[in-house]
Amino acid sequence: MRISFWLLDIDSHKPGPRPEVRLWGIDEEGKRVLLIDKNFLPRFYAVPRNDSSQNVLINRCSRIEGVAEVRPAKKRFLGKELTCAEIWVKDPSSMDKLAKKISNLDVVAGCYEHDIRYTMQYLILRDLPPCKFVEVEVSPTSKPEDAQIDSAYEVTGEFKLSEVEESPELRTLSFYCVIPGKRGSPDPRNSPVVMISIITPDGETICLEAGNDDSELLKDFCEVIKSSDPDVIFGYGTNKRDWMYLVERAKVNGMKLPVGRIGLFPHTSAYGHVSVTGRANLDLLDFVEDIQEIKLKTLRNAADYLGVMPENEGPEILEYELYDYWSRKREVLRDYARHNVRRVRGLGEKFLDFGIQLSQVVGLPLDHVAAAAVGFRVEWFLIKEAVRRGELVPPRKEAFAGSYVGGMVLKPEPGVHENIAVLDFASMYPNIMMLNNVSPDTYIPPDEPDPPQGCYVAPEVGHRFRKEPPGLYREILSELIRARREVKEKLKSLQEDSPYYRVLQARQKALKVIANATYGYTGWVGARWYLKPVAEATAAWGRYYLRSIIAMAEEAGFKVIYGDTDSIFIRYREGVEDLLNRIEEKLSLDIKLEKVYQRIIFTEAKKKYAGLLEDGTMDLVGLECVRGDWPDVARKAQREVVRIVLTTKEIREAREKAKSFIRKYMEDVRNLRVPLRDFTIWKEITKKEYKARTPHLKVAEDLRRMGWKIKPGDKVGYVVVKGSGKLYERSVPFFSARPEDIDVDYYIDKMILPAVMRILKFVGVKESELKGGGGLEAFL
DNA sequence: GCGTGGGGGATACCG
DNA sequence: ACCGGTATCCCCCACGCG
């Protein structure tokens, strides 16, 4: 029989002599099904030292224990054709060992693709995209007795992409755990999970609560999951924290934690994601990490930023207060947990479409792709496409991280400007790579002569790339960009509120993310396709094109006020369209009039400016007010000053307004008439060992002494208090300072004044005018 | 012994 | 565990002065 199947999760096991791939998913009727494929073995390639020994190689390999079959194969490696042996392996878990053994044979130059997991080989070789309907021939088989599914089948045919583009209706479950620590971070050996709030697939909210211990709670949690049988589980911070904690607690209680569609425990797997067999466990923090505008990645902030729930809704309880609320204000804690699980679900709804599309594009299962860093998302996309093209996948190797010169940044013309146009190249780096066929497989090393078809030569650095045939990057980038253009075209004909619109919107975003990260990927030492000249040449061409458009703009009589990497800022006037056309014609690169600022202000610094668009929105770029490591007192003050300067017609009037605002604001700060949290400075702990003494490291030490486990990736919030000595000696955790201890002079002199003066000095304000409120200092 | 200036560490931004 | 370019703060130490 033939079924439609949508892949949610994949795993493998080995019940007998042959391994099995298990595909967990949903059929077109909405049945939860398990497909079992007993006819797939993994394979890798052995490349002989020279062509003549291919037969010898095949013979030698065939006789090795654990090899199922050896076939001759023709492949390409970095553009070079080669013949090799395709070695099929009986037991996936022995592939590495086998490859190592074969690598050591005297007739073998090297082995490839043994480092690609069995399940990923399956998806790629069988052309099975995750999160997409496919049709496949199957035969019914008996359900594994402990598997929670409607039916099981054995795969008997090939997968064929289905016409159906929609996703099935997924059952989602959201959960939020409350885990108080008596003193600092909770320890699973002695601190129980006290509450789990859940929103089931039916929309029912359940709030589980611990009794004397959490064994009932954990049992009930598993029971809710089992009975509501979700396809997707949403949580926040669950990959790094909650799941591990729940598993540890289960072990302490001598229990299992059977939350999957089979198996007794969730387990940590690739990219640090926690795998719940048969379901997709998604940690929404993984998506929030990619949103740079959210500085402090709390559930509350993320939900607020994304319009899921205002930050002031529901009680706010800080981590160190949880234990107290559990002991004495439990009703508030329940309310808190209920609000937070709603936040989790809201975020899940925001990100699910994107996750699904990313999974389709990249080819990694949904839960993997969500947790994978950008580099790995790009890489799996490349791996899938390379295999499809018969190109061997390079192994990951230790490489020396040689640095190279990147993009070009112009010194801005400081001051206030009006009517400024921004011209920028559309997807500059991807287009450069396509245009000049920049790719690891088209690169010509210095010792090789020019090929007959000719080559592109990068400016400044001189790296050469074959004109023909098209390289891997040219192929995959043009495919990504073509697909995205097609999706964007289709979007135009759809209603913005239709579900399909949301799907396509997510799809074009997924395609863009991958295309835009490809240049960065080429310069990543850890990349399988890392090749410094590829990144170096791309950047060199970028500088060349930027210089070209600067010259063309100046030739046309425009003054270039600023520029960064792929853009220039010029006065907007007659002739801009003309300039754009001439640039496109000369350079064969898309360039656009990106925006026009009514007014824009630059300081002397690069990468920092504030502009007012025609529609009244403000762009704040690089300034202190967009940086998460400045306290809100300084950020708010600067932001308001910028707003005044940009929106007040007369500069003279703006100056006076800004002055009186800042004077008053500083008075408010001095008298603590601003929210206390606006003094907190947040900084990330980025590593284990430090050379320097800094405020945030000293505070991290304080917190550790208090029992908090501070790890790289954590942010510490501190305030500066009055007293003598170094700044770091006067920095304390934000929650342990009394308002009257705060060193308001520090905040005014070192944070607020510098931040606002950087703007105000360009409208004629002197620092002395702000300090004394027009007093004596003004005359000094 | 004390103030200063510059180098370097650390962080987070831009494109 | 994506790149290089950049600003900014703070710490620290060499240096000059007395």
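Residues numbered from 1 in each chain as written. Chains lettered and ligands numbered in written order. Predicted model: local features only at pLDDT ≥ 70, side-chain atom pairs only at ≥ 80, totals over all residues. Heavy atoms only, no water.

## As for the overall build of chain A
Convention followed: Helix numbering and strand numbering both begin at the N terminus, where a helix is a DSSP run of H or I of at least 4 residues and a strand a DSSP run of E of at least 2. Radius of gyration: C-alpha atoms only; globule rule: 2.2 Å multiplied by the number of residues to the exponent 0.38. Three exposure classes are used, based on accessible area relative to the maximum for each residue type with a 1.4 Å probe and protein chains only: buried under 20%, partly exposed in between, and exposed over 50%. Here, residues are in contact when the closest pair of their heavy atoms is within 4.5 Å.
Of the regular secondary structure elements, chain A holds 21 helices and 29 strands. Taking 780 residues into account, the globule formula puts the C-alpha radius of gyration at 28 Å, and chain A, at 30 Å, falls close to it. Reported as C-alpha extents along the three principal axes, the dimensions of chain A are approximately 95 × 80 × 55 Å. Looking at the 780 residues of chain A, the share that counts as buried comes to 54%. For chain A, long-range pairs separated by at least 24 residues make up 66% of all intrachain contacts whose partners lie at least 6 apart in sequence.

## Here's the deal with the protein's contact with DNA strand C
How we decide: Note on terminology: near, applied to a residue and a molecule or strand, indicates that one of the residue's heavy atoms is within 4 Å of it. Under the scheme applied here, ten amino acids are nonpolar (Ala, Val, Leu, Ile, Met, Phe, Trp, Tyr, Cys and Pro), four are charged (Asp, Glu, Lys and Arg), and all others, including Gly, are polar.
Around DNA strand C, 27 residues are found, and the nearest of them are Gly406, Gly520, Lys606, Arg693 and Tyr746. Counted by atom, the contact set of DNA strand C within 4 Å of the protein is 89% sugar and phosphate. Class assignment of the residues belonging to the surface near DNA strand C gives a composition of 14 nonpolar, 6 polar and 7 charged.

## Focus: the packing of aromatic side chains
Operational definition: Between the rings of Phe, Tyr and Trp (Trp by its six-membered ring), a pair exists once the centres lie within 6.5 Å; its type follows the angle of the planes, with under 30 degrees stacked, over 60 edge-to-face, and the other angles tilted. Only when the NZ of Lys or the CZ of Arg is both within 6 Å of the ring centre and within 35 degrees of the ring normal is a charge said to sit over the ring.
Overall, the coordinates contain 32 aromatic pairs when judged by the stated rule. Between Phe221 and Trp243, the ring centres sit 6.1 Å apart and the planes meet at 45 degrees, which makes this aromatic pair tilted. In this pair, Phe221 is assigned in helix α4 (residues 215-228) and Trp243 in helix α5 (residues 238-252), connecting sequence segments 22 residues apart. For Trp243, a relative accessible area of 1% gives the class buried. Pairwise contacts between aromatic rings join Tyr562, Phe569, Tyr597, Phe602 and Tyr609 into one cluster. The ring centre of Phe558 lies 3.9 Å from the NZ or CZ of Arg573, which sits over that ring.

## What to know about a positive patch on the surface
Worth spelling out the cut-off: Nonpolar side chains (Val, Leu, Ile, Met, Phe, Trp, Tyr) within 5 Å and like charges within 9 Å form the patches, drawn only from residues with over 30% relative accessible area and no salt bridge. The Shrake-Rupley method, run with a 1.4 Å probe sphere, supplies the accessible areas, and residue values consider only the shown protein chains as cover. What makes a salt bridge here is a side-chain nitrogen of Lys or Arg within 4 Å of a carboxyl oxygen of Asp or Glu, nothing more. His is not counted, nor are the chain ends; Lys and Arg add positive charge and Asp and Glu add negative charge. Think of each charge as sitting on NZ of Lys, CZ of Arg, CG of Asp or CD of Glu.
Taken together, the side chains of Lys488, Lys509, Lys512 and Lys592 define a basic patch exposed on the protein surface. Position of Lys592 among the secondary structure elements: in strand β24 (residues 591-602).

## Some words on the sheet that holds strand β21 (residues 464-466)
Note the cut-off: DSSP-based pairing: two strands are paired if at least 2 bridges between them are found.
Taken in spatial order, the 3 strands line up as β19-β21-β20 in an open sheet, and their pairing is antiparallel. A single partner strand is all that each edge strand has here, and the edge strands are β19 (443-444) and β20 (455-457). The pairing of β20 with β21 spans 3 bridges and is classified as antiparallel. Of the residues in β21, the one forming a bridge with Tyr456 is Phe465.

## Side note on helix α1 (residues 54-62)
The condition that has to hold: By construction, the arc corresponds to the directions joining the helix axis to the C-beta atoms.
For α1, every residue scored as buried is listed here: Gln54, Leu57, Ile58 and Cys61. One face of α1 carries all of its buried residues, which in axial projection span an arc of 100 degrees.

## Structural notes on the protein's contact with DNA strand B
What counts is decided by this rule: Any N or O atom pair separated by 3.5 Å or less is treated as a polar contact, with the protein-specific requirement of one donor-capable and one acceptor-capable atom, and with residues adjacent in sequence counted only for side-chain atom pairs.
Lining the immediate environment of DNA strand B, one finds 21 residues, of which Asp566, Gly622, Thr686, Lys687 and His696 sit closest. Taken together, the sugar and phosphate atoms account for 91% of what DNA strand B places within 4 Å of the protein. At 2.3 Å, a side-chain N or O of Asp566 approaches a sugar or linking oxygen of DNA strand B. One of the side-chain nitrogen or oxygen atoms of Arg627 is found 2.8 Å away from a sugar or linking oxygen of DNA strand B. Here the residues of the surface near DNA strand B sort into 5 nonpolar, 5 polar and 11 charged.

## Some remarks on the environment of Ala458
Here Ala458 is to be found in the loop between β20 and β21. Each C-alpha atom, one on Ala458 and one on Asp115, is 34 Å from the other, the two residues being 343 residues apart in sequence. In this structure, Ala458 is in contact with His463, Ala537 and Trp541, ignoring residues within four places of it in sequence.

## Observations concerning the environment of Ala147
Locating Ala147 in the fold gives a position in the loop between β8 (133-141) and β9 (151-155). Each C-alpha atom of the pair Ala147 and Glu729 lies 58 Å from the other, and the pair is 582 residues apart in sequence. With residues up to four places along the chain from it excluded, the contact list for Ala147 reads Trp24, Arg261 and Ile262.

## Description of the layout of surface pockets
Note the following rule: Residues are called lining when one of their atoms sits within 4 Å of a cavity or pocket point, these points coming from a 1 Å grid over the protein atoms alone, where a cavity is a set in which a 1.4 Å probe fits but cannot get out and a pocket is an open set with protein on both sides within 12 Å along at least five of seven lines. Grid points are joined across faces, edges and corners, and a volume is the space filled by probe spheres set on the points.
For the second largest pocket, the calculated volume is near 920 Å³. Looking at the second largest pocket, it is lined by 31 residues, and the ones nearest its centre are Ala426, Ser427, Asn431, Arg484 and Lys592. Where the lining of the second largest pocket is concerned, the elements lending two or more residues are β18 (415-425), α12 (428-435), α13 (472-492), α14 (499-522) and β24. Looking at the lining of the second largest pocket residue by residue, the class counts come to 13 nonpolar, 6 polar and 12 charged.

## Some points on helix α3 (residues 118-125)
For α3, the tally of buried residues reaches 7 of 8 residues, placing the bulk of the element in the interior. Along α3, the residues that are buried comprise Tyr118, Thr119, Met120, Gln121, Tyr122, Leu123 and Ile124. Looking at the residues trailing α3, positive phi occurs at Asp127, about 55 degrees.

## Digging into the sheet that holds β18
Applied cut-off: Between the N-to-C directions of two axes lies an angle of 0 to 180 degrees, each axis being a line fitted to C-alpha atoms and, for a helix, fitted only over the stretch in contact.
Strand order in the open sheet formed by 6 strands is β22-β23-β18-β24-β25-β26, and the pairing between neighbours is antiparallel. Edge strands, defined here as strands with exactly one partner in the open sheet, are β22 (560-563) and β26 (618-621). Strand-to-strand twist of the sheet, defined as the mean angle between neighbouring strand axes without regard to direction, takes the value 35 degrees. With 3 bridges joining them, β22 and strand β23 (residues 567-571) adopt antiparallel strand pairing.

## Focus on the pattern of salt bridges
By the definition in use, this model includes 74 salt bridges. Arg171 is the salt-bridge partner of Asp229, the closest N and O atoms lying 3.1 Å from each other. Note that Asp229 is positioned in the loop between α4 and β14 (232-235) and Arg171 in the loop between β10 (160-161) and β11 (172-178), a separation of 58 residues in sequence. Owing to a relative accessible area of 30%, Arg171 belongs among the partly exposed residues under this scheme. Ionic pairing is found between Asp229 and Arg279, a salt bridge with its closest N-O pair at 2.7 Å. With a gap of 50 residues between them, Asp229 in the loop between α4 and β14 and Arg279 in the loop between β16 (274-275) and β17 (280-283) connect regions that are remote in the sequence. The exposure class assigned to Arg279 is buried, which follows from its relative accessible area of 0%. When salt bridges that share partners are traced, they join Arg32, Arg171, Asp229, Asp231, Arg261 and Arg279 into one network.

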